[in-house]
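Residues per chain are reported as follows:
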Amino acid sequence: MVSRRDRPKSPAAPAALYARAWGHLERKEAAQALPLFEKLLALYPTHPLAADAAFRLGEAARKDGKLPAAQERYRLAAGSDTVAAAPAAFHLGWLLRDR
């Protein structure tokens, strides 16, 4: 588990972490991307990019059939005031509908 005390002090750190994770996703390297999204969420839970990281983690969990984990991540993203909120709420609604 990552401790918040260990997080980098630079204000650019969350964006850098997100960019690294996104780069892995673009190269179809989900195994490398997902831990970076988890780290972003753990270290910077209130950063605007954390909501998108939660959404991406929800997508991965849904694709793996881990529906409770997907619901948890979608709820987190849907509760934000970021652009990730609407698609997260949409996907959460479909998951809950199909239960």
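Please refer to the structure placed before this passage.
Residues numbered from 1 in each chain as written. Predicted model: local features only at pLDDT ≥ 70, side-chain atom pairs only at ≥ 80, totals over all residues. Heavy atoms only, no water.

Colleague: Help me understand unusual backbone geometry, please; the structure alone is not making it clear to me.
Modeller: The phi angle of most residues is negative, glycine excepted, and most peptide bonds adopt the trans form. At Lys28, a residue that is not glycine, the phi angle is positive and equals roughly 60°. Assignment of secondary structure puts Lys28 in the loop between helix H1 (13-26) and helix H2 (30-43). (Helix = DSSP H or I, 4+ residues; strand = E, 2+ residues; numbered from the N terminus.)

Colleague: I keep staring at the environment of Arg73 and nothing clicks. Help me out?
Modeller: Structurally, Arg73 can be placed in helix H4 (residues 67-78). Considering only alpha carbons, one finds Arg73 and Ala61, twelve residues apart in sequence, at a separation of 8.6 Å.

Colleague: Mind showing me how you'd approach the packing of H1 against helix H3 (residues 48-63) here?
Modeller: Relative placement of two packed helices is described by the angle separating their axes and the distance separating the axes. Where H1 meets H3, the axes come as close as 10 Å, and the angle between the chain directions of the two elements is 25°. The pairing of H1 with H3 is recorded here as roughly parallel in orientation. Once H1 is placed against H3, the crossing between them reads as left-handed. Only Leu49, Asp52, Ala53 and Arg56 of H3 make contact with H1, whose side of the interface consists of Pro14, Ala15, Tyr18, Trp22 and Leu25. Tallied by class, the residues present in the contact of H1 with H3 amount to seven nonpolar, no polar and two charged. (Axes fitted to C-alpha atoms, helices over the stretch in contact; angles between N-to-C directions. Parallel < 35°, antiparallel > 145°, perpendicular 65-115°, else oblique. Left-handed = near helix turned anticlockwise from the far one by under 90°. Contact = heavy atoms within 4.5 Å. Nonpolar A, V, L, I, M, F, W, Y, C, P; charged D, E, K, R; others polar.)

Colleague: Would you mind showing me how to read H2 here?
Modeller: Side chains three or four residues apart in an α-helix point the same way, a direct result of the helix having 3.6 residues per turn. Taking 1.5 Å per residue as the helical rise, H2 with its 14 residues ought to reach 20 Å, and the 20 Å between its terminal C-alpha atoms agrees with that figure. Lining the buried residues of H2 we find H1, H3 and H4. (Expected span 1.5 Å × (residues − 1).)

Colleague: Explain the packing of H1 against H2 to me, please; I cannot follow it from the model alone.
Modeller: Running from N to C, H1 and H2 cross one another at 160°; their axes reach a closest spacing of 7 Å. The angle between H1 and H2 places the two elements in the roughly antiparallel class. Seen along the crossing, H1 lies across H2 with a hand that is left-handed. Judged by residue contacts, Pro14, Leu17, Tyr18, Arg20, Ala21, Trp22, His24 and Leu25 of H1 engage Ala30, Gln32, Ala33, Leu36, Phe37, Lys39 and Leu40 from H2. Its residues assigned to classes, the contact of H1 with H2 comprises eleven nonpolar, two polar and two charged.

Colleague: Explain the side chain of His24 to me, please; I cannot follow it from the model alone.
Modeller: The residue His24 is located in helix H1 in this model. Relative accessible area serves as the criterion here: at 16%, His24 is assigned to the buried category. With residues near it in sequence (within four places) discarded, His24 still touches Glu29, Gln32, Ala33 and Leu36. (Buried < 20%, exposed > 50% of the residue type's maximum accessible area, 1.4 Å probe, protein only.)

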